[in-house]
Amino acid sequence: MAWLAQISVMRQGKVLLRESQTFERRSTAAAWIEHREESLARPGALDALNTQPKSKKTPTLADAIDRYVQESNKQIGRTKTPVLKSIKTFDIADQHCDAITSADIIEFTQEKLNSGIQPQTVANHLSHLGAVFSIARPAWGFPLSAGYGRLSAR
């Protein structure tokens, strides 16, 4: 079963924006609607959409991390932001979201482990990165697979 989430923004009887996405879970569809409506309600959000070129570049993982930190509705823990910023110093952060594979995540994990970081710390970093992966596709349409965020460094 699939769930279709739809958003329409109308002003003075005219449709300014219409978006829809399909999700495997109802809860994910509801979360996407809620997050998208919140971001569109921000001052200037609709104006920004109208000024963006239609052919946007594919975002990088660094772009996804930046947006996650900037738009996080929850209070980010005191270690999460520095961890995410440190991930941006690795090669994986420069990759386009649609090109990241599980092999890239494993390579990143190995790179961290080979630098002497303890497996528990690497697992913590992957957990924080997994939070970005889990929200990037449903909330912003970034082509990141939430499944990659479930890897473990053990």
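Going by the structure above, here's the rest.
Calculation rules
- Residues numbered from 1 in each chain as written.
- Predicted model: local features only at pLDDT ≥ 70, side-chain atom pairs only at ≥ 80, totals over all residues.
- Heavy atoms only, no water.
- Axes fitted to C-alpha atoms, helices over the stretch in contact; angles between N-to-C directions.
- Helix = DSSP H or I, 4+ residues; strand = E, 2+ residues; numbered from the N terminus.
- Parallel < 35°, antiparallel > 145°, perpendicular 65-115°, else oblique.
- Contact = heavy atoms within 4.5 Å.
- Nonpolar A, V, L, I, M, F, W, Y, C, P; charged D, E, K, R; others polar.
- Phe/Tyr/Trp six-rings, centres within 6.5 Å; stacked < 30°, edge-to-face > 60°.
- Left-handed = near helix turned anticlockwise from the far one by under 90°.
- Core = buried A, V, L, I, M, F, W, Y, C linked by side-chain atoms within 4.5 Å.
- Buried < 20%, exposed > 50% of the residue type's maximum accessible area, 1.4 Å probe, protein only.
- Patch = residues over 30% accessible without salt bridge, like charges linked within 9 Å, V, L, I, M, F, W, Y side chains within 5 Å.
- Areas by Shrake-Rupley, 256 points an atom, 1.4 Å probe, with all protein chains shown as cover.
- Salt bridge = Lys/Arg side-chain N within 4 Å of Asp/Glu carboxyl O.
- Lys, Arg positive; Asp, Glu negative; His and termini not counted.
- Charge placed at Lys NZ, Arg CZ, Asp CG, Glu CD.

A. Molecular detail of the packing of helix α4 (residues 80-87) against helix α6 (residues 119-140). Interhelical geometry of α4 versus α6 gives an angle of 90 degrees and a closest axis separation of 10 Å. The orientation of α4 relative to α6 falls into the category roughly perpendicular. On α6, the residues touching K80, V83, L84, S86 and I87 of α4 are N124, H125, H128, L129, A131 and V132. Here the residues of the contact of α4 with α6 are counted per class, giving 6 nonpolar, 4 polar and 1 charged.

B. Molecular detail of the packing of aromatic side chains. In this structure the tally under the stated criterion is 2 aromatic pairs. On the numbers, 5.2 Å between centres and 90 degrees between planes, the contact of F90 with F108 is edge-to-face. Of the two residues, F90 is situated in the loop between α4 and α5 (102-114) and F108 in helix α5; the sequence distance between them amounts to 18 residues.

C. Region of interest: the packing of α5 against α6. Where α5 contacts α6, the axes come no closer than 10 Å and their chain directions differ by 145 degrees. Crossing angle aside, the handedness with which α5 passes α6 is right-handed. Each of I105, F108, T109, K112 and L113 in α5 lies in contact with α6, whose residues at this interface are P119, V122, H125, L126, L129 and F133. Per-class residue counts for the contact of α5 with α6 are 8 nonpolar, 2 polar and 1 charged.

D. Just the nonpolar core, in detail. Among the nonpolar cores identified, the biggest contains 25 residues, and L61, L129 and L144 are the most heavily contacted of them. Going through the elements one at a time, α3 (61-71), α4, α5 and α6 are the ones with two or more residues in this core. Counting residues per element, this core draws most heavily on α6, which supplies 9 residues. Leave out the neighbours within four places in its chain, and L61 touches I92, A93, Q95, C97, I100, L129, F133 and L144. Core analysis: the next-biggest nonpolar cluster, separate from the first, contains 9 residues, A5, L17, L40 and L46 among them.

E. Spatial organisation of a negative patch on the surface. On the surface, a cluster of negative charge is contributed by D91, D94, E107 and E111. Its location among the elements puts E107 in helix α5. Among the residues examined, E107 registers a relative accessible area of 53% and is labelled exposed.

F. Seen up close, the environment of T81. When you line up the elements, T81 lands in helix α4. Counting along the chain gives 12 residues from T81 to V69, while the straight-line C-alpha distance between them is 6.7 Å. Non-local contacts of T81, meaning those with residues more than four positions away in its chain, are made with V69 and I76.

G. Molecular detail of the pattern of salt bridges. Under the definition given, this model contains 3 salt bridges. For D66, the salt bridge goes to K88, with nearest N and O atoms at 2.5 Å. Taken as a pair, D66 in helix α3 and K88 in the loop between α4 and α5 lie far apart in primary sequence, 22 residues in all. Several salt bridges converge on common partners, so that one network encompasses R42, R67 and E71.

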